[in-house]
Every structure is written in C-alpha cells, then in structure tokens.
Amino acid sequence: MSKPQQVRGTVVIDVEACKGCDLCIEACKPEVLAMTTAETNTRGYRFPQLLVGCTGCRACADVCPDFCFSVFRFDEPKTWTAESGLQ
Ligand code: SF4
Ligand code: SF4
C-alpha cells in the first residue's frame, strides 16, 4: 500500500499558453510541478504537469508571465493514495 498524501488544492494549466520558461517549476515549493520531457504544445514548448500534493498556494499563478494557471483550493484537505486516487 502506498503512502497517503495530503492534497489541499489543484491547478488547471493552459498548456497552449505556456512558453516553457520553467519559472513555475522553481516557484512551486512542494515540488509538485514537473515539465514534460518529450511532449510539447502546438507551439513546440514543453509545459508543466501537476503531480500529487498541490497545496493551492498560488505561487505558480503568481510567477507565470503568461497566466497559464487557474488555482483551486479545496474547502477540506483530501487524501490521495495510488490505490484509490483522490478522496
Ligand atoms: S498552487 Fe502551489 S503547490 Fe499547487 S502547483 Fe501551484 S505552486 Fe505548486
Ligand atoms: S511559468 Fe508559465 S510560461 Fe513558464 S513554464 Fe510555467 S506555465 Fe509555462
């Protein structure tokens, strides 16, 4: 059984607006954003993908020069496990 992880929020990423600058990766203190390695948007840029453990802190939205992030904070923290997903 995998270790449960607490998740306080989530983000929707407008990947087509992304220019692959990596600023959001550095800004995300929980380190739950990772750039694609091979996949690119239609303009040829790599873009961030969300891993498990977002806190809804908005740091990514604040730093992104292209307004790619919509951030949502849950009213109550959720728990994620590999077996059950987000509950
Ligand atoms: S809201 Fe915060 S924790 Fe979530 S992806 Fe953005 S910077 Fe990371
Ligand atoms: S900060 Fe914005 S433009 Fe830069 S890589 Fe992240 S999502 Fe893309």
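In what follows, the accompanying structure is described.

A closer look at the overall build of the protein chain
Then, in step 1: Looking only at helices and strands, the protein chain features two helices and five strands.
Then, in step 2: Scanning the protein chain from its N terminus toward the C terminus, one meets helices and strands in the order β-α-β-β-α-β-β.
Then, in step 3: Relative to its length of 87 residues, the protein chain is compact, with a C-alpha radius of gyration of 13 Å against a globular reference of 12 Å.

Observations concerning the site of ligand 1
Then, in step 1: Contacts to ligand 1 come from 16 residues, most closely from Cys28, Cys54, Cys57, Ala59 and Cys60.
Then, in step 2: Those elements that provide at least two residues to the shell around ligand 1 are strand S1 (5–13) and helix H2 (59–63).
Then, in step 3: Looking at the shell around ligand 1 residue by residue, the class counts come to twelve nonpolar, three polar and one charged.

Describing the environment of Trp80
Then, in step 1: Position of Trp80 among the secondary structure elements: in strand S4 (residues 69–81).
Then, in step 2: Accessibility expressed as a C-beta count within 10 Å gives 18 for Trp80, which makes it partly exposed.
Then, in step 3: When sequence neighbours within four positions are dropped, the list of residues in contact with Trp80 reads Pro4, Gln5, Val7, Val52, Gly85 and Leu86.

A word on the site of ligand 2
Then, in step 1: Near ligand 2, the surroundings consist of 13 residues, among which Cys18, Cys21, Cys24, Cys64 and Cys68 are the closest.
Then, in step 2: Residue composition of the shell around ligand 2, by class: nine nonpolar, one polar and three charged.

A short note on the sheet that holds S4
Then, in step 1: The three strands lie next to each other as S1-S4-S5, forming an open sheet whose pairing is antiparallel. Only two strands of the sheet have a single partner each, and these edge strands are S1 and strand S5 (85–86).
Then, in step 2: The pairing of S4 with S5 spans two bridges and is classified as antiparallel. For Trp80, the partnering residue across the bridge sits in S5 and is Leu86.

Some details on the environment of Gly53
Then, in step 1: Among the secondary structure elements, Gly53 is positioned in the loop between strand S3 (48–50) and H2.
Then, in step 2: Residue class for Gly53 comes out partly exposed when judged on the 15 C-beta atoms lying within 10 Å of it.
Then, in step 3: Every residue in contact with Gly53, bar those within four places of it in the chain, is listed here: Gln5, Val7, Pro30 and Val32.

Calculation criteria
- Residues numbered from 1 in each chain as written.
- Chains lettered and ligands numbered in written order.
- Predicted model: local features only at pLDDT ≥ 70, side-chain atom pairs only at ≥ 80, totals over all residues.
- Helix = DSSP H or I, 4+ residues; strand = E, 2+ residues; numbered from the N terminus.
- Rg over C-alpha atoms; globule rule 2.2 N^0.38 Å.
- Near = placed C-beta within 6 Å.
- Nonpolar A, V, L, I, M, F, W, Y, C, P; charged D, E, K, R; others polar.
- Buried ≥ 20, exposed ≤ 12 C-beta atoms within 10 Å, placed from the backbone.
- Contact = placed C-beta atoms within 7 Å.
- Pairing = 2+ DSSP bridges.

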